[in-house]
Amino acid sequence: VQLQASGGGLVQTGGSLRLSCVASGRTVSRHTVAWFRQAPGKEREFVAVSKFSDGSRRIAESVQGRFTISRDNTKNTVYLQMNNLRPEDTAVYYCAASPSVISSNVASQAAYGRWGQGTQVTVSS
């Protein structure tokens, strides 16, 4: 599966963005898809995941209550809705996919074999 992330941009504190991860080549409905982010000078970190096997979702504590993940299998797309954005959310956001990820590994980058190119999100104060 090939992934294309989009939807990033510049937004003020408190604003919203919706990122999209469009899959091609294989249907996203049979893949676990996650979002990670990497801020300047920091390591890449887990943000959210949508598992296809049981339909479960998990959101990182740092963005709980503000970010949600959803998928539209008819469009082969997974979304990351980001509300009430803060300057510390500034990062390059990546989507990643795997046909099989056990629950204990969903936040691990190593669990995903396919990655999108990343989309920049900048939140101004």
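This text gives an overview of the structure that appears in the document. Source: prediction; values computed, not measured. (Residues numbered from 1 in each chain as written. Predicted model: local features only at pLDDT ≥ 70, side-chain atom pairs only at ≥ 80, totals over all residues. Heavy atoms only, no water.)

**Here's the deal with the sheet that holds strand E7 (residues 67-72)**
Point 1. As summarised here, the arrangement of the four strands in space is E1-E3-E8-E7, forming an open sheet in which the pairing is antiparallel. Bordering the open sheet on either side are strand E1 (2-6) and E7, each of which pairs with just one other strand. Adjacent strand axes in the sheet meet at a mean angle of 15°, parallel and antiparallel pairs treated alike.
Point 2. Where E1 lies against strand E3 (residues 17-24), five bridges are found, and the strand directions are antiparallel. When the bridges of E3 are listed, glutamine 4 appears paired with valine 22. (Pairing = 2+ DSSP bridges. Helix = DSSP H or I, 4+ residues; strand = E, 2+ residues; numbered from the N terminus. Axes fitted to C-alpha atoms, helices over the stretch in contact; angles between N-to-C directions.)

**Regarding the pattern of salt bridges**
Point 1. For the coordinates displayed, the defined rule picks out three salt bridges.
Point 2. In this structure, glutamate 45 engages arginine 37 in a salt bridge whose closest nitrogen and oxygen atoms are separated by 2.6 Å.
Point 3. Its relative accessible area of 34% is what places glutamate 45 among the partly exposed residues.
Point 4. Taking relative accessible area as the criterion, arginine 37 reaches 6% and is therefore assigned buried.
Point 5. Between aspartate 89 and arginine 66 there is a salt bridge, with its nearest N and O atoms 2.7 Å apart. Taken together, the positions of aspartate 89 in the loop between strand E8 (77-82) and strand E9 (91-98) and arginine 66 in the loop between strand E6 (57-59) and E7 put the pair 23 residues apart, joining distant regions of the chain.
Point 6. One network of salt bridges, with partners in common, ties together Arg37, Glu45, Arg66 and Asp89. (Salt bridge = Lys/Arg side-chain N within 4 Å of Asp/Glu carboxyl O. Buried < 20%, exposed > 50% of the residue type's maximum accessible area, 1.4 Å probe, protein only.)

**A short note on the state of the cysteines**
Point 1. Within this structure, the stated rule accounts for one disulfide.
Point 2. Each disulfide pairs two cysteine sulfurs, and for cysteine 21 the partner residue is cysteine 95, the sulfurs being separated by 2.2 Å. Residues cysteine 21 and cysteine 95 share a disulfide whose torsion about the S-S bond is about 75°; that sign makes it right-handed. Placement of the pair is cysteine 21 in strand E3 and cysteine 95 in strand E9, with a sequence separation of 74 residues. (Disulfide = S-S within 2.5 Å.)

**A few points about the pairing of E3**
Point 1. Pairing of E3 with E8, which is carried by six bridges, proceeds in the antiparallel orientation. Across the sheet, residue arginine 18 finds its bridge partner in E8, namely glutamine 81.

**Some words on the nonpolar core**
Point 1. Judged by nonpolar contacts, the single largest core of 37 residues is most densely connected at Trp35, Val47, Phe67, Leu80, Met82, Tyr93 and Tyr112.
Point 2. Only E1, E3, strand E4 (32-38), strand E5 (45-50), E7, E8, E9 and strand E11 (119-124) provide two or more residues apiece to this core.
Point 3. Ranked by the residues each element gives to this core, the list is headed by E9, at five residues.
Point 4. Contacts of tyrosine 93, omitting those with residues within four sequence positions, involve Leu19, Trp35, Phe36, Arg37, Val47, Phe67, Leu80, Met82, Gly118, Thr119 and Val121. (Core = buried A, V, L, I, M, F, W, Y, C linked by side-chain atoms within 4.5 Å. Contact = heavy atoms within 4.5 Å.)

So yeah, pure geometry; function would need other evidence.
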